[in-house]
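Structural description and commentary
The primary structure of each chain is shown beneath.
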Amino acid sequence: MTPDLDAFRAEVRAFLDAELTDEMREAAVKSTSVFTPFAPCMAWQQALAAKGWAAPRWPVEAGGCDWTDAQHDVFEEELQAAGAPALLPHNLKMIGPLLLDLGTPEQKAKYLPGIYSGTDFWCQGYSEPGAGSDLASLKCAAVADGDDYVLNGSKTWTTYAHHANRMFLLVRTRFEGKPQQGITFLLIDDMKTPGIEVRPIIALDGFPEQCEVFFTDARVPRANIVGAEHDGWTVAKHLLKYERGGGAPAPGLRRKLIQVQMAAAARDDGFGRKMSDDPAFQERLGQLAAEVESLDHLFRVCSPRGGGEMDPAYPSMMKTLSADLGQAIAALMIEVAGTEGLPRQLEALEVGSDVDPLSSEFDMLAMPYWLNARATTIYAGSNEIQRDLIARRVLG
């Protein structure tokens, strides 16, 4: 620690005390997945953007912060200590970095301000009913008609599409030849465009986080292509490196472990002792804590924190390890909650709810979080596919 770093920490704490509302803190607690409740989360992004801290790792000229690694660490520490909600990744960790890298000057000028400020929210249209892990088989068609594409088809598992006003998606613009060479990466300016219908999907945790999106003769300007026509596969792979490895998952996982530890310290094991005193529990908790710190070390060493090139295998490594670790922590949450985690009381988990809970917040969240965590090893490319990519890139 140095006097300058102490002053920076004090500045961060003062900002959090002033801007982080009770509703935002409640949203952080009542998250049943890696996606925080929408409205308070976006309000938090807008507060950070007004301060200039929404995307500190972006290039400075695009709104990033000229911070040292130590300042980034202090910022993350204070966010976690204050109970700030995790920002949704679609804007700041996915489409934003992609446009910074591959967008035209016109696209950057048009879209980046809203992406950064949180006045726009983008959803991701990749998966289809017959094209999930095998994304190259997608069939949602975009047929050229003058200056527009006419879209017909559907997307599924589109996270928070019912909240989004914009979408980035993959469409098929050519049906002959190699499947990967007929896909185009496209931007939709308005989710209320005629011919677009969004239907929420109720997930296992009971919340409508995912959606189906249907396109019926929906028109999108051809100028909204990112990259080259028919080369969307290359663009999508570029974005996936940010989706899989562009963030630091350790702080959120560390917070979950602290919650597990506190719940276990308050719970009797049935033999007159606290669950946290059980040596087997302590061993599992310690092992998971060590793996979280190892994951954090991987992020510090291998991610392009200083603006360097990202190792080709790093995103797949980070995605695989963080997904497996998140599921292991969710399983421990269930064991600590036990039968107290069985009541399903979704209305009590809504931000701002005045419903009296039947159990503690930890117990109410354990089962929905465990159910939702089943998806982490599937989305952004299944872990089985990631291990294959790691083998190819590392072992040749």
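Each remark here, short or long, concerns the structure printed above.
The paragraphs below set out a description of the structure included in this document. Within each chain, residues carry numbers counting from 1 in the order of the written sequence. Two thresholds apply to this predicted model, a pLDDT of at least 70 for residue-level local features and 80 or more for giving and counting side-chain atom pairs, whereas whole-chain, interface and lining totals are computed over all residues. Neither water nor hydrogens contribute to the side-chain values; these are computed over all heavy atoms in the structure.

**Some thoughts on the state of the cysteines**
Convention followed: By disulfide we mean two sulfur atoms from cysteines, separated by a distance within 2.5 Å. Working definition: with a 1.4 Å probe on protein chains only, accessible area under 20% of the residue-type maximum means buried, over 50% means exposed, and in between means partly exposed.
Scanning the entire structure with this criterion turns up zero disulfides. C211 provides the cysteine sulfur closest to C123, a residue in no disulfide bond, and the two sulfurs are 7.9 Å apart. Residue C123 is classed as buried on the basis of its relative accessible area, which comes to 0%. A relative accessible area of 0% places C211 in the buried class.

**Notes on the environment of E212**
Cut-off, in case you're wondering: Starting at the N terminus, helices and strands are each numbered in turn, a helix being any DSSP run of H or I of at least four residues and a strand any DSSP run of E of at least two.
Along the chain, E212 turns up in strand 7 (residues 210-221). Taking the relative accessible area as the measure of exposure, E212 reaches 28% and is therefore partly exposed. On a C-alpha basis, the gap between E212 and G341 in space is 30 Å, while along the polypeptide they are 129 residues apart.

**As for the packing of helix 10 (residues 314-337) against helix 12 (residues 383-395)**
Rule in force here: The axes are straight lines fitted to the C-alpha atoms, using for helices just the contacting stretch, and the angles between their N-to-C directions are given from 0 to 180°. Handedness of each helix crossing follows the sense of rotation of the near helix against the far helix: counterclockwise by less than a right angle gives left-handed, clockwise gives right-handed. What makes two residues a contact is simply this: any of their non-hydrogen atoms within 4.5 Å. In this classification, Asp, Glu, Lys and Arg are treated as charged, Ala, Val, Leu, Ile, Met, Phe, Trp, Tyr, Cys and Pro as nonpolar, and every other residue, Gly included, as polar.
In contact at an axis separation of 9 Å, helix 10 and helix 12 are set at 145 degrees when each is read in the N-to-C sense. Remark: the crossing between helix 10 and helix 12 carries left-handed chirality. For the pair helix 10 and helix 12, the contacting residues are S316, M317, K319, T320, A323 and D324 in the first and N383, Q386, R387, L389, I390 and R393 in the second. Here the residues of the contact of helix 10 with helix 12 sort into four nonpolar, four polar and four charged.

**Remarks on unusual backbone geometry**
The backbone of D217 shows a phi angle near 55 degrees, a positive value even though the residue is not glycine. Residue placement: D217 occurs in strand 7. Within the chain, H230 stands out as a residue other than glycine whose phi angle is a positive 75 degrees. Mapping H230 onto the fold places it in the loop between strand 8 (225-226) and helix 7 (232-245).

**Quick word on the side chain of R267**
This is how it is decided: Contacts described as polar in this section are N or O atom pairs within 3.5 Å, which, within protein, must combine one atom able to donate a hydrogen with one able to accept it, while residues neighboring in sequence count only if both atoms come from side chains.
In this fold, R267 is placed in the loop between helix 8 (250-265) and helix 9 (279-302). At a separation of 2.8 Å, a polar atom in the side chain of R267 contacts the main-chain carbonyl oxygen of V336. Separated by 3.0 Å, the side chains of R267 and D363 make a polar contact.

**What to know about the nonpolar core**
Operational definition: Put simply, buried Ala, Val, Leu, Ile, Met, Phe, Trp, Tyr and Cys residues joined by side-chain atoms within 4.5 Å make one nonpolar core.
With 46 residues, the main nonpolar core has W44, I95, F168, F185 and L187 as its most contacted residues. Taken together, the elements giving at least two residues each to this core come down to helix 1 (3-19), helix 3 (38-51), helix 4 (69-82), helix 5 (89-102), helix 6 (105-117), strand 4 (166-172), strand 5 (183-188) and helix 7. If sequence neighbours within four positions are ignored, W44 has contacts with F15, L16, E19, L20, M24, L79, A84, P85 and L87.

**Let's talk about helix 6**
Going by this rule: To estimate how far a helix should reach, multiply one less than its number of residues by 1.5 Å. Working definition for bend: take the seven residues up to and ending at a residue and the seven starting at it, fit an axis to each, and measure the angle between the axes.
Between its first and last C-alpha, helix 6 extends 19 Å over 13 residues, near the 18 Å set by a 1.5 Å rise per residue. The sharpest bend along helix 6 reaches about 40 degrees and sits at Y111, with the proline P113 one to four residues further on. Residues of helix 6 that are buried: Q107, Y111, L112, G114, I115 and Y116. Here the buried face of helix 6 lies against helix 3, helix 5, strand 1 (122-125), strand 4, strand 5 and strand 8. Positioned one or two residues after helix 6, G118 has a phi angle of 85 degrees, which is positive.

**Describing the pattern of salt bridges**
What counts is decided by this rule: Whenever Lys or Arg places a side-chain nitrogen within 4 Å of a carboxyl oxygen from Asp or Glu, that contact is recorded as a salt bridge.
Across all of its chains, the model carries 19 salt bridges by this definition. Across the salt bridge formed by R13 and E78, the nearest N and O atoms sit 2.9 Å from each other. A residue pair is termed long-range when its members are at least 10 positions apart, and R13 in helix 1 and E78 in helix 4 qualify at 65 residues. Put simply, R267 and D363 hold a salt bridge, and the shortest N to O gap is 3.0 Å. With R267 in the loop between helix 8 and helix 9 and D363 in helix 11 (residues 361-373), this residue pair connects regions lying 96 residues apart in the sequence.

Fair warning: the whole summary comes from geometry, so function is off the table for now.
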